[in-house]
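Fold and geometry: a report
Each chain is listed here by its residues.
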Amino acid sequence: MTLHARDLPQDVRELGELLGDVLETQSSTEAFETVEQIRTASIDYRKGDLDSRDTIGQTLDRLDPEMEGVVARAFTTYFELINLAEERERVREIREGSQDGTIEDSVAEAIERLADADVGSETVEDVLDDVFIEPTFTAHPTEARRKTVKAKLRSVANGLETLDEVRLTDREEHTVRRDVRSEVTSLWQTPQVRDRRPEVTDEALNIQWYLENVLFEVIDEVYDELERAIGEEYDEELDVPKLYEFRSWAGSDRDGNPFVTPEVTEETLERQRETVLPLYRDRLKALSGVLSQDASNLSIGEQFEERLAEHKERLPGVAAEAEERYPDEPYRQKLKLMRESVLRVNDVRQGGYDSPEDLLKDLHTIAASLRDNDAAVIAESHVDPLIRKVDTFGFTLASLDLRDHRKMHTDAIAEAVERQGIDYEDMSEDERVEFLTEAILQNGSVIDMENTDGLSEDSIRVLRRFRKTADWQNEFGVDAIDTYAISWCEEPSHVLEVLFLADQVGIVDLPGYCGLDIVPLLESEYALSGARRIMGTLFENEAYAQALEARNTVQEILLGYSDSNKENGYLAANWSLYNNQRRLANITDDFDVDMRLFHGRGGSISRGGGPMNDAMLALPNETVTGQIKFTEQGEAIAEKYANEDIAERNLEQMLNAQIRARHNAMEEPVEDVPDEWVEAMETASEAAREEYQSLLETDGFVDYFEQATPITVIENLNMGSRPASRSEDRSVEDLRAIPWVFSWTQARCIIPGWYSIATGLNAYLDSGGDIETLQEMYEEWPFFKTKLDNASLALARTEMGIAEEYADLADDDLRERIFPRIRDEYEETVDLVTEITQREGLLSRDWLEENLERRNPYVDPLNLLQVRLLAQSHLTEEEKQTLRLTVLGIAAGMKNTG
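Notes on the structure follow. In this numbering scheme, every chain counts its residues from 1 along its sequence in written order. Predicted model: local features are reported for residues with pLDDT of at least 70 only, side-chain atom pairs are reported and counted for 80 or more only, and whole-chain, interface and lining totals are derived from all residues. Values reported for side chains reflect all heavy atoms of the structure, with hydrogen atoms and water molecules removed beforehand.

Along the backbone of the protein there are 38 helices and ten strands. We compute the radius of gyration over the C-alpha atoms and compare it with the globule rule, which gives 2.2 Å times the number of residues raised to the power 0.38. Its C-alpha atoms give the protein a radius of gyration of 29 Å, within 12% of the compact-globule value 29 Å for 898 residues. Projecting the C-alpha coordinates of the protein onto the three principal axes gives extents of approximately 85 × 80 × 60 Å. Remark: exposure states derive from per-residue accessible area (1.4 Å probe, protein chains only) relative to the maximum for the residue type, with buried under 20%, exposed over 50%, and partly exposed in between. Within the protein, the proportion of its 898 residues that are buried is 60%. Residues count as neighbours in contact if any of their non-hydrogen atoms are within 4.5 Å of one another. Long-range pairs, those at least 24 residues apart, make up 82% of the contacts in the protein with a sequence separation of at least 6. With residues, only the protein chains shown are counted as cover, and all accessible areas are computed by Shrake-Rupley using a 1.4 Å probe. For the protein, the exposed surface amounts to about 35,900 Å²; the carbon and sulfur share of it is 41%. Strands here mean DSSP runs of E at least two residues long; helices mean DSSP runs of H or I at least four residues long; both are numbered from the N terminus.

Rendered as structure tokens:
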């Protein structure tokens, strides 16, 4: 059976031709011919038909500012369209693989693996009981495209889908093609660059779109696939628990973003509730159209009768209307009452559902009644999917995590208690821990959270946030906003400070009740290496132990990938994270605490990116408790969740990996890593860290970075609501990890993803190690294999010829001292990685190589144009706009920002 009418080459060719037609129509024949000249020269160079890029450079040098803008727009728009073609190809592969049973990393494959290994149904149920996956969407500014542009591209994508999957008449096809042409024309006429920085509300709305329009639709499909796979492999019917929950930082992450106010957070909570409740009412209305059974043909059951009678008592007026409209249709009567109870959630009128659990009880009652009446197929098709949606999204759509920098809490407490003669600021760490513990455990409050006289603005905001959090939990439910992350947490007191502030407003009432998971973010080397000092002190602390017990003894710990990499380099950071994850597992095990690791990953390789399923399978067995949480950021969100088929595929891959990883951990609780491998990594990572830090500490390195990358352009791109730097200082330490990686990616010199790997591994070899051991580590150790494969991708995306063009922008002395060092490390790393992986090239998959070959000739002209604009000391407004556009185009071409 043929599922599709098109293929990738056809999509790429037709979209390219369409763009060319639009370019010529909207600009001029001269513009079209200029773009073609640049394009063909770039392709010829990449094919080896030209010895240099001089021809491209000469053409670019002749362009006036207006034509520069046209060229930048043409190549940027090309990548936007080609990305849609590649998305369509991913959908084809998913659908065809599903049809013929060849798709890898599926839920069915995970269950089949267990069955083939003779894993019993009880063990499978134990694995599923442990598994809990929490993708957490953040508002980090790595999505460079405007919302308007994304909407137009989504319309083009829908047109491609129709042409590919629907059998059309000639007239229908003509209409679809006309609409696609119309959208591409409108896209060309639409400004690509934002004229204002997006507000926090914009970011929250962006996240909400994916939750409402994609994930809400597909989540039950994943459960359905899992239950079908279990049914095929096992005779027993297994109970599949809740496996997913979606969370968000958009609208609640205050760290470094002064625009995240309590008003914004409250608006986000209200809007998400107002979004999800109508979705349930719509589904209940549709269900009413299905459950039209007559009472005379049913035995609806005692439980259903009782819940129907109770509901009628709560809503007598609605009950009378339902009985009159559906006199002999009990399911429809019940559904009418349920719709009204959903409508009255948070209503002044009585009869609304108090919690999602009440709605779930009614849905389960209907499902059970249907099954008792031999209508299980109706329950499976129509009721069970809604149960999964309600169980996943509740009345909140996505729970919000609060976050702020540890200093904010410390300062707020110091100022608040100073008014009572307590000198918190000058206390030692032990004294702070003792003071906070006693304050939390005593019955009365220590500070008046309402009285903010004499406090700084930051401290007033902190106290107000905690007061409002108590209000939000009362209004929206504790589950709506029940997590508080502390960035740059380095001492036990930093965690106890949040517990203390929560206690002062009634969110915590020990013993017995704690309304927050308090999550330390361990990101500095000091914090990671001091994990036992921090966590051990907390677990032994009387107040914190009571809080943990009230939270089911689950401790969530957030690991920072981005700043760890920026501080230590790729190899050393990843080895430190690996070791510290194992260390944290041992600590929590020693104290009989259940650990949930929260991986603060970014989209880029250097920030923990790469295939999620590979990353999950490469985690140390000791850390795989079944519960896992991770951030989804920036353009990675659109790539993973804009299309329903791809979103479902991503959720399946997560579940596949977590099922397999949890079973592996149950079979082998402590991963058996040979001492020789550990020693190799210890030697390599230490040398790699020294080399990486030596590069960053080179005199003039920050100046080189500013001169040889477009960092100053990126800082003014209006990408996100949060400032690019933590302060006005110009240092690597102060710069946020996102613009740091974004800048190197733009310059095609992705040192955050590979620099010092060769130095590190060569240090191991020079100390008596051998290449055969490294090859064995690559073949047999998921951690090492994943890190080397990800580094290979960063190396493949690096283009030293282009990077040299950027290096030429720097002062001569800086260039000569820094760029050759980077280039030599790159070449050494490429040689060493290919020798270890025993591949001819860097990439392990043909489609990745094809992808880069297709893109590189089109990215190069944007880089060369960007270099020319960066080299000019004075730019007109038109040229500044073109420069910003080259940044967007390169990001689209690289399919990555930071």
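What follows is about the packing of helix 32 (residues 757-766) against helix 33 (residues 771-780). How two helices sit against one another is set out by the angle between their axes and by the gap between those axes. Inter-axis angles, ranging from 0 to 180 degrees, are taken between N-to-C directions of lines fitted to C-alpha atoms, where helices are fitted over the stretch in contact. It is at 9 Å that the axes of helix 32 and helix 33 come closest, and there the two elements cross at 130°. Judged on the interaxial angle alone, helix 33 and helix 32 are oblique. Here Leu761, Tyr764 and Leu765 of helix 32 lie close against helix 33, whose contacting residues are Ile771, Thr773 and Leu774. Partitioning the contact of helix 32 with helix 33 into residue classes produces five nonpolar, one polar and no charged. Here the angle decides the label: under 35 degrees means roughly parallel, over 145 means roughly antiparallel, 65 to 115 means roughly perpendicular, and every other value means oblique. Under the scheme applied here, ten amino acids are nonpolar (Ala, Val, Leu, Ile, Met, Phe, Trp, Tyr, Cys and Pro), four are charged (Asp, Glu, Lys and Arg), and all others, including Gly, are polar.

Now for the packing of aromatic side chains. Any pair of Phe, Tyr and Trp rings, taking the six-membered ring for Trp, is counted once the centres come within 6.5 Å. Such a pair is stacked with planes under 30 degrees apart, edge-to-face with planes over 60 apart, and tilted for the rest. Counted by the stated rule, this structure contains 32 aromatic pairs. Here Tyr78 and Tyr858 contribute two aromatic rings whose centre-to-centre distance is 4.1 Å and whose plane-to-plane angle is 15°, an arrangement assigned as stacked. One end of the pair, Tyr78, is in helix 4 (residues 65-100); the other, Tyr858, is in helix 37 (residues 846-870), and 780 residues separate them in sequence. Comparing Tyr78 with Tyr858 shows no difference in burial state: the two are buried.

Let's shift gears to unusual backbone geometry. Here the residue pair Leu510 and Pro511 is connected by a cis peptide bond, since its omega of -5° sits within 30 degrees of zero. Inspection of the secondary structure puts Pro511 in the loop between strand 5 (508-509) and strand 6 (513-514). At Asn346, a residue that is not glycine, the phi angle is positive and equals roughly 60°. Relative to the elements of secondary structure, Asn346 occurs in the loop between helix 13 (330-343) and helix 14 (356-372). When its relative accessible area of 47% is taken as the criterion, Asn346 is described as partly exposed.

In this text, buried Ala, Val, Leu, Ile, Met, Phe, Trp, Tyr and Cys residues form a nonpolar core when linked through side-chain atoms within 4.5 Å. Of all hydrophobic cores here, the largest spans 118 residues; its most connected members are Leu81, Tyr704, Trp754, Trp781, Phe784, Ile822 and Ile836. Among the elements that make up this core, the one with the highest residue count is helix 4 (twelve residues). With sequence-adjacent residues up to four places away left out, Ile822 is seen in contact with Leu695, Tyr704, Cys749, Ile751, Trp754, Tyr755 and Met800. Core analysis: the second largest hydrophobic core is formed by 88 residues, Ile133, Ile230, Val318 and Ala638 among them.

What follows deals with the sheet that holds strand 8 (residues 554-560). Strand order around the closed barrel formed by eight strands is 1-2-3-4-7-8-9-10, with parallel pairing between neighbours. Note on pairing: two strands pair once DSSP finds at least 2 bridges between them. Pairing geometry for strand 7 (residues 517-522) and strand 8, over two bridges, is parallel. Each bridged residue has a counterpart across the sheet, and for Leu521 the counterpart in strand 8 is Leu558. Against the sheet, helix 16 (residues 406-418) touches strand 3 (399-405) and strand 4 (483-487), its axis set at about 70° to strand 3.

Where helix 33 meets helix 36 (residues 812-837), the closest approach of the two axes is 8 Å, and the angle between their N-to-C directions is 70°. Taken as axis vectors, helix 33 and helix 36 run roughly perpendicular relative to one another. Every residue of helix 36 that contacts helix 33 at Ile771, Leu774, Gln775 and Tyr778 is listed here: Leu832, Glu835, Ile836 and Thr837.

Looking now at the side chain of Asn656. Within the secondary structure layout, Asn656 lies in helix 27 (residues 644-667). Beyond its immediate sequence surroundings of up to four residues, Asn656 is in contact with Asp105, Ser106, Glu109 and Ala110.

Our focus in this paragraph is the pairing of strand 4. Extensive coverage of strand 4 is indicated by the burial of five of its five residues. Neither face of strand 4 is left uncovered, since the one carrying Thr483, Ala485 and Ser487 and the one carrying Tyr484 and Ile486 both have all their residues buried. By the bridge criterion, five bridges tie strand 3 to strand 4 in an arrangement that is parallel. Among the inter-strand pairings, Arg403 is bridged to a residue of strand 4, identified as Ala485. By the bridge criterion, four bridges tie strand 4 to strand 7 in an arrangement that is parallel. The partner of Ile486 across the bridge, within strand 7, is Pro520.

Once that is clear, we can look at helix 11 (residues 302-314). To estimate how far a helix should reach, multiply one less than its number of residues by 1.5 Å. With 13 residues, helix 11 ought to run about 18 Å at 1.5 Å a step, and its terminal C-alpha atoms sit 19 Å apart, in line with that. As for helix 11, its buried residues are in contact with helix 13 and helix 14.

What follows concerns the pattern of salt bridges. For salt bridges, the criterion is a side-chain nitrogen of Lys or Arg within 4 Å of an Asp or Glu carboxyl oxygen. For the structure on display, the rule yields 74 salt bridges. One salt bridge connects Glu173 with Arg177, and the closest N-O pair in it is separated by 3.0 Å. Taken together, the positions of Glu173 and Arg177, both in helix 8 (residues 170-189) and four residues apart, correspond to about one turn of that helix. You can call Glu173 partly exposed: its relative accessible area is 28%. Arg177 sits in the partly exposed class, given a relative accessible area of 32%. Measuring nitrogen to oxygen at the nearest pair gives 3.2 Å for the salt bridge that ties Glu329 to Arg332. Classification of Arg332 by relative accessible area gives buried; the value is 17%.

Helix length check: helix 7 (residues 147-165), at 19 residues, gives a terminal C-alpha distance of 27 Å against a target of 27 Å (1.5 Å per residue), a fit within 8%. Along helix 7, the residues classified as buried are Val149, Lys150, Lys152, Leu153, Arg154, Val156, Ala157, Gly159, Leu160, Leu163 and Asp164. On the buried face of helix 7, the contacting elements are helix 1 (8-26), helix 4, helix 8 and helix 9 (200-233).

Looking now at the environment of Glu86. Here Glu86 lies in helix 4. With a relative accessible area of 7%, Glu86 lands in the buried category. For the pair Glu86 and Asn851, spaced 765 residues apart in sequence, the C-alpha to C-alpha distance is 8.8 Å.

On to a negative patch on the surface. Judged by side-chain charge, Glu668, Asp672, Asp675, Glu676, Glu679, Glu682, Glu776, Glu779 and Glu780 come together as a negatively charged surface patch. Looking at the negative patch, the elements with two or more residues in it are helix 28 (675-696) and helix 33. Of the residues forming the negative patch, the biggest block, four residues, is contributed by helix 28. When you line up the elements, Glu776 lands in helix 33. Owing to a relative accessible area of 33%, Glu776 belongs among the partly exposed residues under this scheme. A patch is a set of surface residues, each over 30% in relative accessible area and not in a salt bridge, joined within 9 Å for like charges and within 5 Å for the nonpolar side chains Val, Leu, Ile, Met, Phe, Trp and Tyr. When charges are counted, Lys and Arg are positive and Asp and Glu negative, with His and the chain ends excluded. Each charge is placed at NZ for Lys, CZ for Arg, CG for Asp and CD for Glu.

A separate point is the environment of Ala891. Inspection of the secondary structure assignment puts Ala891 in helix 38 (residues 877-894). The buried category is assigned to Ala891, whose relative accessible area is 7%. Put simply, Ala891 and Ala794 are 97 residues apart on the chain and 14 Å apart in space, counted from C-alpha to C-alpha.

Here the focus is empty space enclosed by the protein. Space inside and on the surface of the protein is sampled on a 1 Å grid over the protein atoms alone, with a cavity defined as a set of points where a 1.4 Å probe fits but cannot get out and a pocket as an open set with protein on both sides within 12 Å along at least 5 of 7 lines; lining residues have an atom within 4 Å of a point. Grid points are joined across faces, edges and corners, and a volume is the space filled by probe spheres set on the points. Counted by the stated rule, this structure contains 13 cavities of 30 Å³ or more. In this model, the second largest cavity occupies a volume close to 180 Å³. Every residue lining the second largest cavity is counted, 18 residues in all, and those nearest its centre are Tyr561, Gln581, Ala615, Leu619 and Lys787. If you tally residues by element for the lining of the second largest cavity, the top one is helix 24 (residues 570-590), at four residues. Within the lining of the second largest cavity, the residues separate by chemical class into twelve nonpolar, four polar and two charged.

With that out of the way, let us pick up the environment of Tyr778. When you line up the elements, Tyr778 lands in helix 33. Tyr778 gets classed as buried once you look at its relative accessible area, which sits at 3%. On a C-alpha basis, the gap between Tyr778 and Leu788 in space is 7.7 Å, while along the polypeptide they are ten residues apart. Sequence-distant contacts of Tyr778, that is, excluding residues within four places in its chain, are made with Phe784, Lys785, Leu788, Asp789, Ile836, Thr837 and Arg839. Think of a polar contact as two N or O atoms within 3.5 Å of one another; within protein, one of them needs to be a possible hydrogen donor and the other a possible acceptor, and neighboring residues in sequence only count if both atoms come from side chains. Polar contacts involving the side chain of Tyr778 include one to the side chain of Arg839, which spans 2.7 Å.

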